[in-house]
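Breakdown of the fold
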Amino acid sequence: MSVADLRSALDLLLTEVERQHGPDVDLAEGVYWTVSPGEAYRFDDAPPKVTVGDLVDDVESVRELLSRDPDEGVYVWHDLAHVVGVLTRLAALDLPRET
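Everything in this summary refers to the structure shown in the same document.

Basis of the calculations
- Residues numbered from 1 in each chain as written.
- Predicted model: local features only at pLDDT ≥ 70, side-chain atom pairs only at ≥ 80, totals over all residues.
- Heavy atoms only, no water.
- Helix = DSSP H or I, 4+ residues; strand = E, 2+ residues; numbered from the N terminus.
- Contact = heavy atoms within 4.5 Å.
- Areas by Shrake-Rupley, 256 points an atom, 1.4 Å probe, with all protein chains shown as cover.
- Lys, Arg positive; Asp, Glu negative; His and termini not counted.
- Charge placed at Lys NZ, Arg CZ, Asp CG, Glu CD.
- Salt bridge = Lys/Arg side-chain N within 4 Å of Asp/Glu carboxyl O.
- Buried < 20%, exposed > 50% of the residue type's maximum accessible area, 1.4 Å probe, protein only.
- Axes fitted to C-alpha atoms, helices over the stretch in contact; angles between N-to-C directions.
- Parallel < 35°, antiparallel > 145°, perpendicular 65-115°, else oblique.
- Left-handed = near helix turned anticlockwise from the far one by under 90°.
- Nonpolar A, V, L, I, M, F, W, Y, C, P; charged D, E, K, R; others polar.
- 1 Å grid on protein atoms, 1.4 Å probe; cavity = no way out; pocket = protein on both sides within 12 Å on 5 of 7 lines; lining within 4 Å.
- Points joined across faces, edges and corners; volume = space filled by probe spheres on them.

**Quick word on the overall build of the chain**
- Counting secondary structure elements, the chain contains three helices and two strands.
- In sequence order, the chain lays out its α and β elements as α-β-β-α-α.
- With the C-alpha coordinates aligned to their principal axes, the bounding extent of the chain is approximately 50 × 40 × 30 Å.
- Considering only residue pairs separated by 6 or more positions, the chain has 48% of its internal contacts joining residues 24 or more positions apart.
- Carbon and sulfur atoms make up 60% of the accessible area of the chain, which amounts to about 8200 Å² in all.
- For the chain, the separation between the mean place of its 8 positive charges and that of its 21 negative charges on side chains is 3 Å.

The following block contains the structure:
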């Protein structure tokens, strides 16, 4: 997959999130289940350990990334894991409501 295609897809999705929810989204929840990126694609051992993620930590980490001095670097594995937590919550907010 090209990075350009991924960027375009994220832009389309985030444009729709903004249309539905406005420029600021209330994520509403605090903690969620997650599997570490290092374990998510291993199928040779036992199932991965499920851990707890925290949206408050994710949002703080994304904000820290955006305010970080460029000389401090970007830690793709770490920073993306926090972005994924936020994106997963956005996906959950779009699920059909159970009646």
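**Quick word on the pattern of salt bridges**
- The final tally for this structure, using the stated rule, is three salt bridges.
- Between Glu64 and Arg68 there is a salt bridge; the shortest N-O distance is 2.7 Å.
- When its relative accessible area of 11% is taken as the criterion, Arg68 is described as buried.
- A salt bridge links Arg68 to Asp79, with the nearest nitrogen and oxygen atoms 3.1 Å apart. A residue pair is termed long-range when its members are at least 10 positions apart, and Arg68 in the loop between helix H2 (55-67) and helix H3 (76-93) and Asp79 in helix H3 qualify at 11 residues.
- Residues participating in the shared-partner salt-bridge network are Glu64, Arg68 and Asp79.

**Comments concerning the packing of H2 against H3**
- With their axes 9 Å apart at the nearest point, H2 and H3 run at an angle of 125° to one another. Taken together, the axes of H2 and H3 are oblique relative to one another. Considering the relative orientation of H2 and H3, their crossing is left-handed. Of the residues in H3, those touching H2 at Leu55, Asp57, Asp58, Val59, Ser61, Val62 and Leu65 are Asp79, His82, Val83, Gly85, Val86 and Arg89.
- Each residue belonging to the contact of H2 with H3 can be placed in one class, and the counts come to six nonpolar, three polar and four charged.

**Description of the layout of surface pockets**
- The volume enclosed by the largest pocket comes to roughly 610 Å³.
- Considering the residues around the largest pocket, the lining is formed by 21 residues, among which Val25, Leu27, Val59, Val86 and Leu90 are closest to the centre.
- Looking at the lining of the largest pocket, the element that brings in the most residues is H2, giving seven residues.
- Taken together, 22 residues line the second largest pocket, and the ones lying closest to its centre are Thr34, Val35, Pro37, Ala81 and Val84.
- Where the lining of the second largest pocket is concerned, the elements lending two or more residues are strand S1 (31-35), strand S2 (50-54), H2 and H3.
- In terms of residues, the lining of the second largest pocket owes the most to one element, H3, which gives nine residues.
- Classifying every residue of the lining of the second largest pocket gives 11 nonpolar, eight polar and three charged.

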